Every structure is written in structure tokens, then in C-alpha cells.
Amino acid sequence: MGYYPQSDKTKFCEGVEMMLRVVGSTMGPGGNPVLECAGLDAPYRRLIRDGKETLKLIQPNDPEVYEPIARMKDVAEAVVRRAGDATSTATVILGSAFLALEKTIKDYPDLNRSRLAYYVRQASKIALSELENRKLQVTTSQDLENVATICAAGDREIGSVIGSMIEKIGADGTVKVEYHDKPGVEAVIVPGYKFQGGVYGIDQYNGRRGLELDNPRVVVVGDETGLVDYKTDVAPILAEAQKFGDNRPLVVFVLSAEGSARATLLRPFVKGSDGNTFRAPVWLVRIGAGGVNTCADISAVTGATLFSKMNGKMISKIKDSDFGEAASIVATTESVTIVSSDDQNASVRDYVKRLEASISEHPELEEKTRERIAAVTGGVGLIRVPASTQSSGFYYQEVVDDAWRATRAAINGGVLPGGGAALAGVAEKIFSIHATAWSEEALVYDAIGHAFYGVLKTVCNNAGFEVEWDNVDFGYGKTYDIVSGEMNVSALECGVIDSAPAIMAAVELALAELALWVNSEYLLVQKFGE
């Protein structure tokens, strides 16, 4: 097996056209979900409106066709990490601009690719500056609801629930999505606790949202040395847990885990002290910057005994009453959220009283102690979505998750006129500054400007409107209302708004990748045998 250079990008462009066609069909309120046909042995089949998840499913057999799709997946992941939404926008911008530039390069092979890439980066700076100037601030609860509605694929019910939830628990609050068998979307606030930390070896589990466990048992180890030796630190926990005789998951919270203890708990199948495989899944969760104080907080909200040399509690002496429990635990590589069970309400109240009493003894720690009290008494938003089938349940969960992230970003970063209107305005700015007709600068700006227009056209076409214009001048804060068909209406008043951080992340990351693609003359293609 080896690689051979190839300058013909026909199949590469075929892959770009494929992802443009499929991902573009999901955009905007009039977009259509993609139906996953997963085969006979699939545990479930999904309806998907999310650009990133759609890209994951596009896997053509030809590696040259698949290459741009794989690279676009990386861009989409980066957009989601930064702002939570607008992966479809990034796909349309990158794909449309690349196809236009590659066609131009094919017609004029003497063009300098390095200069083209340079002007792509210049266009990115211009676009981001213009988007910054067009930002609007979210000031009312109706603005919040409108942003959430757009990010939820136009679902006003979900938008309303998310808007009201943010008002109750704040933009830094935590939301968990659950299924129920009733029609409509419900939202409640339940007791919960969130802290910095993460799951050891989470890459082995590879869940999109990290780890989500229902009704787990909990063990809390608060020693700085953490878990080190399997026989002394891990085996007693597993031996006692096996006595429960059920399959409830077990979560072990630690400050650190090393040596045979960590290696054992990260195995797919953990063996107990009797040599038999432990039947319930065991998860090892690292506690972050909060240290011993966070261990104490977790102990309070779960009812688990805190094992630490400071209080004389040794893990080797663990018994069944030392295990705590939670209604659910949601964890990623960066944060952990514990949703308390109803049985722990009294325990939390007693713990808060002890923290409040400690303020008079240690007034220098009052601010930090108040923060801990707020954390353990804070709420977690629980959004229940209808799930008559697995496909519909997964679809609603995707929509709520994406809308929540994007709406939170919009609170701090502002909003932009939606439906592609802001990008159309940026396109006009770019068109107005390019100079000579056939310079590299003009060719790049023309391709990127039309790619920005492509977002507006795609959204409108999906809604059943044929957009014929190439030059649309939207005023500040104005957009095109797809429902009424009116032009230059207030984006905030009609509710057609997008998260500014999401759109700006899509533009920045898509154009950064475009510069790399344009600057590459050859593909190195794998060749298997002779």
C-alpha cells in the first residue's frame, strides 16, 4: 500500500457536491430531516436535522469522494465546540466557495494558489469585522425565545421552553433531556449539582454527549492520593457493590486514579474480588479544580460517605450504607452534572446549614462558601421531549441540545439577522471592495460572496421560495421573513435571528479550511497493491 500524487480533483469535488446537496436540504425552517437507513441490525434509526450528525452518516466507499466530507466533519465538530450550531452554514460556505474557485482554477491553470489562499484569509477578516458590526444584543425574553426557536429548526414550542428555562436557571445552568410518552414538550427544575471534572477514558465510550447514566450508585474518595492499588483501593468497592445483586451502574468519584486501580477500572469488563466479572458498568470520574471541597459537596447531594484520611474513613472498610445514589449523572471530558434523587433533599439542607455555620468561623472564606451553597442548592433544567419511537426521541434530543448551546452563546455574544440575511449583507461588503476584474483578489471575493448568498438562497429554496436575485441589500438589523414574504423587516421583531457566535464561528472555520483546500494542488491518494 502506498500513496501517489494526483492533481485531478474531480472525485474530491464530487464529495463536496454530495455533502452540499444533503446537508443543504436540512437548512432553515423549511429544511427537511434526513432519514437514517441503518440496516437490519441497527438498534435504532434516526431522523436528523443537524448538519454535523448528517455529515457523520455520509460515508461513500470511494476514499477520494469521502475525503472532503471527512475534513468537513472536523470543521463541524470545531464549530459545535465553539458555539453549538451553524454547522450547515459552514458546510454551504466552504463547499460553494471551493467549487467556484476550483472551476476558475481549472479554466485558468496559471493562477497562483498561494495568492488565492492569502485572499481567502483576507476575506475572512473582512467578513468577521462586518458581522461584528451587524450584531444585535438579546435584551428581552422574546428575543431569547426567538433565537431558541430558530436554532430548534423553527419549533416554537421548544424555543419557548428553552427561553423560559434560561430565564429560570441562567445561561450557565445545566439542562438534561429526557424522553416521555406524552405529546408536547415539558420543562421542570430539579435539584442538581455541576462541577468541573471529567470521565477517565471517555474516548473508549465515544458518546456524543459524553456519559449519561440513570439511577447510578455513587462512591466518593476524597484523598489526594486517590485510587492507586487494585487490591486495597478497588477490590473492596466491587466486593461490596456485588452484594446488591443488581445491574445498577456504579460511579466512583476520585481526585486522581493511578496504577493498577486506574488500569482495572478502565477495562471493558471489571472483575470483582472473587474473580467473577462485575455485572454492572463501573465509571471512574475525575474531580477537577474544586478538590476536597467538591468531594464533600458530592457526598452531600448523593448521600455517599466521603472516604478520606482527614475524617478517618478508609475505603477498605466500605459497607453498603456508604454508597450514595443519584437520579442521573451526565458527564463529559470537562464537566459533570449530578441530578439529585428526592431522597437526598434533607441531606442537602443539613449540609447547607453546616456550610452557613462555618462562615462565622471562617469569614475569610465567606465568598467561596456562598458559591458552594449556591452550587449544591442550584437546579438542573429537565426538558422532557415526546418519544413515541426511538427515531423521534433521538431527533428531539438533537434539536434541544443544539438549540440550548446556541441560545446560551447568543446571550453573551449577541445575535444576527437570520435566514442568511447577515451573510448576504457581508457579501455586498466584499463585492464592494475587490479591485481589478481578473485579479486573484477579485476571483476569491466573488466566489466567497456568492457562497454567502448561497446560505440565503438555500434557506429560501427549502421554504419553497425561488430566490432569483444576486444583490440583496438588507438594512441594519433587517432580514427576509420567510413566513410573510416581506423584505427588510426587523429581525428582532419577526424573530428571524441567528446566534452571532455560531455564525461567526462557521465563517471563520469554513474559510480557514477553504484556504487549505485552495492552496493544495495535489492529492495524495492511497493505492492498494498492484
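Before any of the text, the structure's been laid out above.
The structure contained in this document is the topic of the report that follows. Remember, predicted model here, so these are calculated numbers, not experimental data.

## Some details on the packing of aromatic side chains
Using the criterion set out here, one finds nine aromatic pairs in the structure. Considering the side-chain rings of Phe98 and Trp517, the 5.2 Å spacing of their centres and the 85° angle between planes classify their relative orientation as edge-to-face. Highlighted residues: Phe98 in helix α4 (residues 87–107) and Trp517 in helix α17 (residues 500–519), separated in sequence by 419 residues. Given the relative accessible area of 5%, Trp517 is considered buried. Through a chain of ring-to-ring contacts, three or more aromatic side chains come together here, namely Phe12, Phe98 and Trp517.

## Some details on unusual backbone geometry
A positive phi angle, near 55°, is found at Asn215, a position not held by glycine. Relative to the assigned elements, Asn215 resides in the loop between β6 (211–214) and β7 (217–221). The partly exposed category is assigned to Asn215, whose relative accessible area is 38%.

## Points about the packing of α4 against α17
Relative orientation of the contacting elements α4 and α17 amounts to 30°, with a least axis distance of 8 Å. For the element pair α4 / α17, the angle class is roughly parallel. Seen along the crossing, α4 lies across α17 with a hand that is right-handed. Each of Thr89, Ala90, Ile93, Leu94, Ala97, Phe98, Leu101 and Ile105 in α4 lies in contact with α17, whose residues at this interface are Ile503, Ala506, Val507, Ala510, Leu511, Glu513, Leu514, Trp517 and Val518.

## Notes on the pairing of strand β13 (residues 335–339)
Of all five residues that make up β13, four are buried, and the element is covered over most of its length. Bridge count between strand β5 (residues 186–199) and β13: five bridges; the pairing is antiparallel. In the strand pairing of β13, Gln196 is matched with Ser335. The pairing of strand β12 (residues 328–331) with β13 spans four bridges and is antiparallel.

## A look at helix α15 (residues 440–462)
With 23 residues, α15 should cover 33 Å at 1.5 Å per step; its first-to-last C-alpha distance of 33 Å lies within 8% of that length. Among the 23 residues in α15, 17 count as buried, and that is most of the element. Just downstream of α15 lies Gly464, where phi reads positive at about 95°.

## Some thoughts on the pattern of salt bridges
Taken as a whole and judged by the stated rule, the model has 17 salt bridges. Ionic pairing is found between Lys103 and Asp107, a salt bridge with its closest N-O pair at 3.4 Å. Of this pair, Lys103 and Asp107 both sit in helix α4, four residues apart, which is roughly one turn of that helix. Overall, the relative accessible area of 55% leaves Lys103 in the exposed class. According to the relative accessible area criterion, Asp107 is partly exposed, its value standing at 46%. Through salt bridges with shared partners, a single network forms among Lys9, Glu102 and Arg113.

Rules and cut-offs
Residues numbered from 1 in each chain as written. Predicted model: local features only at pLDDT ≥ 70, side-chain atom pairs only at ≥ 80, totals over all residues. Heavy atoms only, no water. Phe/Tyr/Trp six-rings, centres within 6.5 Å; stacked < 30°, edge-to-face > 60°. Helix = DSSP H or I, 4+ residues; strand = E, 2+ residues; numbered from the N terminus. Buried < 20%, exposed > 50% of the residue type's maximum accessible area, 1.4 Å probe, protein only. Axes fitted to C-alpha atoms, helices over the stretch in contact; angles between N-to-C directions. Parallel < 35°, antiparallel > 145°, perpendicular 65-115°, else oblique. Left-handed = near helix turned anticlockwise from the far one by under 90°. Contact = heavy atoms within 4.5 Å. Pairing = 2+ DSSP bridges. Expected span 1.5 Å × (residues − 1). Salt bridge = Lys/Arg side-chain N within 4 Å of Asp/Glu carboxyl O.

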